[in-house]
Amino acid sequence: MRTILAGNWKMHTDRAGAVALARAVAIAERAAGVEVLVAPPFPFLEAVVAACSDSAVRVAAQTCHAEAQGAYTGEVSVPMLQSIGVQACIVGHSERRRYDGENDARVAYKVKALLSAGMTAIYCCGEELSEREAGRHHVVVGEQLATALKGLPAEQLGGLVVAYEPVWAIGTGRTATPEQAQEMHGFIREQLVRLLGPAAEPVPVLYGGSCKPDNAAELFALPDVSGGLIGGASLDAGQFLELVRIAARCVAERRGV
Ligand code: 13P
């Protein structure tokens, strides 16, 4: 199983801060078996790509448009991102669903555009607290996955990463319990294979939502958790690198090293 640690910086940092943070992550000793990504705001992408160019750290955007070009004021396309060395993109984040009207029908086009271009798509799904309390979390996440991902060709699935981010855990300090996380990650894996066939078995499923060094070890050790999509703790190089080390320890334990 691939293990990935991705830092979503959201609308934080300035140019100098972004470069300094990226540099601190890039020069850290490589953690064996862990793929590391950072997702700065659009204006700092190119500088962060440069700051990471001598390292294995890959740079992701936080959203994109599905069309390659056109009259879409304010939008940024996949070829534009690729032209500056961005290799991945987060899509369907709950904050974009909430504040920007993003929905799975639109996200489906974005995922297709990214995968067809050979980029990595980090697709976010997750239920609201009211939906979990009503016992609807499986229905909600199942529908999200079906709408956004159905029909993707098997040969492009190497570029797909799914992040389960329960909305009630994002930035709240409230994490899913290991039982809740494992149960949902297992469900997501089943749905991926049901929707996309056996080629979806290796698709990484990351956990996101108040993941910090003091709760990461038990989450990353879960059998169906492939690492994390980290918000707040990714803005502090020390905390983010500690999370990378924790993920690397889980990889080593899985391999029986
Ligand atoms: P926090 O880690 O700040 O809860 O954010 C999670 C997230 O939304 C990452 O995309």
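Conventions we followed
- The residue numbering used here restarts from 1 in each chain and proceeds along that chain's sequence as written.
- In keeping with the predicted nature of the model, local features appear solely for residues at pLDDT of at least 70, side-chain atom pairs appear and are counted solely at 80 or more, and the whole-chain, interface and lining totals rest on all residues.
- Remark: hydrogens and water are excluded; side-chain values derive from all non-hydrogen atoms of the structure.
- Put simply, DSSP H or I for four residues or longer makes a helix, DSSP E for two residues or longer makes a strand, and each gets a number counted from the N terminus.
- Expected helix span is given by 1.5 Å per residue-to-residue step, counting one fewer step than there are residues.
- Exposure categories follow from relative accessible area, calculated using a 1.4 Å probe and restricted to protein chains: below 20% of the type maximum is buried, above 50% is exposed, and the middle band is partly exposed.
- Fitted lines through C-alpha atoms serve as axes, helices being fitted only where they are in contact, and the angles separating the N-to-C directions of these axes extend from 0 to 180 degrees.
- Roughly parallel refers to an angle under 35 degrees, roughly antiparallel to one over 145, roughly perpendicular to one between 65 and 115, and oblique to any angle outside these ranges.
- Crossing chirality is assigned from the near helix's rotation relative to the far helix, an anticlockwise turn below a right angle marking it left-handed and a clockwise turn marking it right-handed.
- Between two residues, a contact is recorded if the distance between any of their heavy atoms is within 4.5 Å.
- As a working rule, the residues Ala, Val, Leu, Ile, Met, Phe, Trp, Tyr, Cys and Pro are called nonpolar, Asp, Glu, Lys and Arg charged, and the rest polar, with Gly in that last group.
- By the criterion applied in these results, polar contacts are pairs of N or O atoms within 3.5 Å in which, for protein atoms, one can donate a hydrogen and the other can accept it, and in which residues neighboring in sequence qualify only through two side-chain atoms.
- Residues are labelled near a given molecule or strand when at least one of their non-hydrogen atoms is within 4 Å of it.
- Computed by Shrake-Rupley with a 1.4 Å probe, the accessible areas treat only the displayed protein chains as cover when residues are assessed.
- Salt bridges are counted wherever a side-chain nitrogen of Lys or Arg sits within 4 Å of a carboxyl oxygen of Asp or Glu.
- For two strands to be treated as a pair, DSSP must find no fewer than two bridges joining them.
- With the strands aimed away from the viewer, a crossover counts as right-handed if its path from the first strand over the helix to the second runs clockwise.

Asker: Teacher, can you tell me more about helix α7 (residues 137–149) here?
Answerer: The α-helix advances 3.6 residues per turn, and as a result positions three or four apart in sequence lie on the same side. An ideal rise of 1.5 Å per residue puts 18 Å on 13 residues; α7 measures up with 18 Å between its terminal C-alpha atoms. Those residues of α7 that fall on the buried side of the exposure criterion are His137, Val140, Val141, Gly142, Gln144, Leu145, Ala146, Ala148 and Leu149. At the C-terminal side of α7, glycine 151 shows a positive phi close to 85 degrees.

Asker: What is the right way to read the packing of helix α9 (residues 213–220) against helix α10 (residues 237–254) from this model?
Answerer: In a pair of packed helices, the angle between the axes and the distance between the axes together describe the arrangement. Where α9 meets α10, the axes come as close as 9 Å, and the angle between the chain directions of the two elements is 25 degrees. When the interaxial angle is binned, α9 and α10 end up roughly parallel. The two elements α9 and α10 meet at a crossing, and its hand is right-handed. On the side of α9, the interface is formed by Pro213, Ala216, Ala217 and Phe220, while α10 contributes Gln239, Glu242, Leu243, Ile246, Ala247, Cys250 and Arg254. When grouped by side-chain class, the residues that make up the contact of α9 with α10 number eight nonpolar, one polar and two charged.

Asker: Is there a simple way to explain the side chain of arginine 58 in this structure?
Answerer: Structurally, arginine 58 can be placed in strand β3 (residues 58–61). At a separation of 3.3 Å, a polar atom in the side chain of arginine 58 contacts the side chain of glutamate 35. When near neighbours in sequence (up to four residues on either side) are disregarded, arginine 58 contacts Arg2, Glu35, Val36, Leu37, Val38, Gln87 and Thr120.

Asker: What exactly am I supposed to notice about unusual backbone geometry here?
Answerer: Among all residues except glycine, the phi angle is most often negative; among peptide bonds, the trans geometry is most common. Backbone geometry at lysine 10 places phi at a positive 50 degrees, although glycine is not the residue there. Looking at the secondary structure, you find lysine 10 in the loop between β1 (3–8) and α1 (15–27).

Asker: Would you mind showing me how to read the side chain of histidine 93 here?
Answerer: Tracing the backbone through its elements, the reader meets histidine 93 in the loop between β4 (88–91) and α4 (94–100). Reaching out from histidine 93, the side chain makes a polar contact with the backbone nitrogen of glutamate 95 at a distance of 3.0 Å. The contact partners of histidine 93, leaving out residues within four places of it in the chain, are Asn8, Lys10, Glu102, Cys124, Glu165 and Ile170.

Asker: It is not clear to me how the packing of α7 against helix α8 (residues 178–196) should be interpreted in this structure. Could you clarify?
Answerer: It is at 10 Å that the axes of α7 and α8 come closest, and there the two elements cross at 35 degrees. By crossing handedness, the relation of α7 to α8 is classed as right-handed. Judged by residue contacts, His137, His138, Val141, Gly142, Leu145, Ala146 and Leu149 of α7 engage Glu183, Met184, Phe187, Ile188, Gln191, Leu192, Leu195 and Leu196 from α8. Residues belonging to the contact of α7 with α8 are distributed by class as follows: ten nonpolar, four polar and one charged.

Asker: How do you make sense of the site of the ligand when you look at a structure like this?
Answerer: Around the ligand, the structure places 13 residues, and the nearest of them are Lys10, His93, Gly171, Ser210 and Gly232. Between asparagine 8 and the ligand, the recorded distance is 3.0 Å, taken from a side-chain N or O atom to an oxygen atom. At a separation of 2.9 Å, an oxygen atom of the ligand approaches a polar side-chain atom of glutamate 165. In isolation the ligand exposes 310 Å². Once the protein is present, 97% of that is buried. Of the residues contributing to the shell around the ligand, the split by class is four nonpolar, seven polar and two charged.

Asker: How should the pattern of salt bridges be read in this particular structure?
Answerer: If charged atoms from side chains of opposite charge come close, those side chains can pair. Applying the stated criterion across every chain, the model contains twelve salt bridges. Between arginine 97 and aspartate 104 there is a salt bridge, with the nearest N and O atoms lying 2.8 Å from each other. The closest approach of N and O atoms between arginine 189 and aspartate 224, which form a salt bridge, is 2.9 Å. Of this pair, arginine 189 sits in helix α8 while aspartate 224 sits in the loop between α9 and β8 (227–230), placing them 35 residues apart in sequence. We note that arginine 189, like aspartate 224, is buried. Ionic contacts of the salt-bridge type, sharing partners, join the residues Arg96, Asp100, Glu102 and Lys110 into one network.

Asker: Even after reading the chapter, I still don't get the pairing of β3, so can you show me in this structure?
Answerer: If a strand is regular, its side chains alternate between the two faces of the sheet. Going residue by residue along β3, you find Arg58 and Ala60 tucked away on one face and Val59 and Ala61 tucked away on the opposite face as well. Of the pairings in the sheet, the one linking strand β2 (residues 34–39) to β3 comprises two bridges and is parallel in character. Opposite valine 38, over in β3, you have valine 59 as the bridge partner. Following the backbone out of β2, through helix α2 (residues 45–51) and into the adjacent parallel β3, one traces a crossover that is right-handed. Sheet topology places β3 next to β4; two bridges connect them, and they run parallel. Along β4, the bridge assignment pairs alanine 61 with cysteine 89. In this view, the connection linking β3 to its parallel neighbour β4 by way of helix α3 (residues 78–83) has right-handed handedness.

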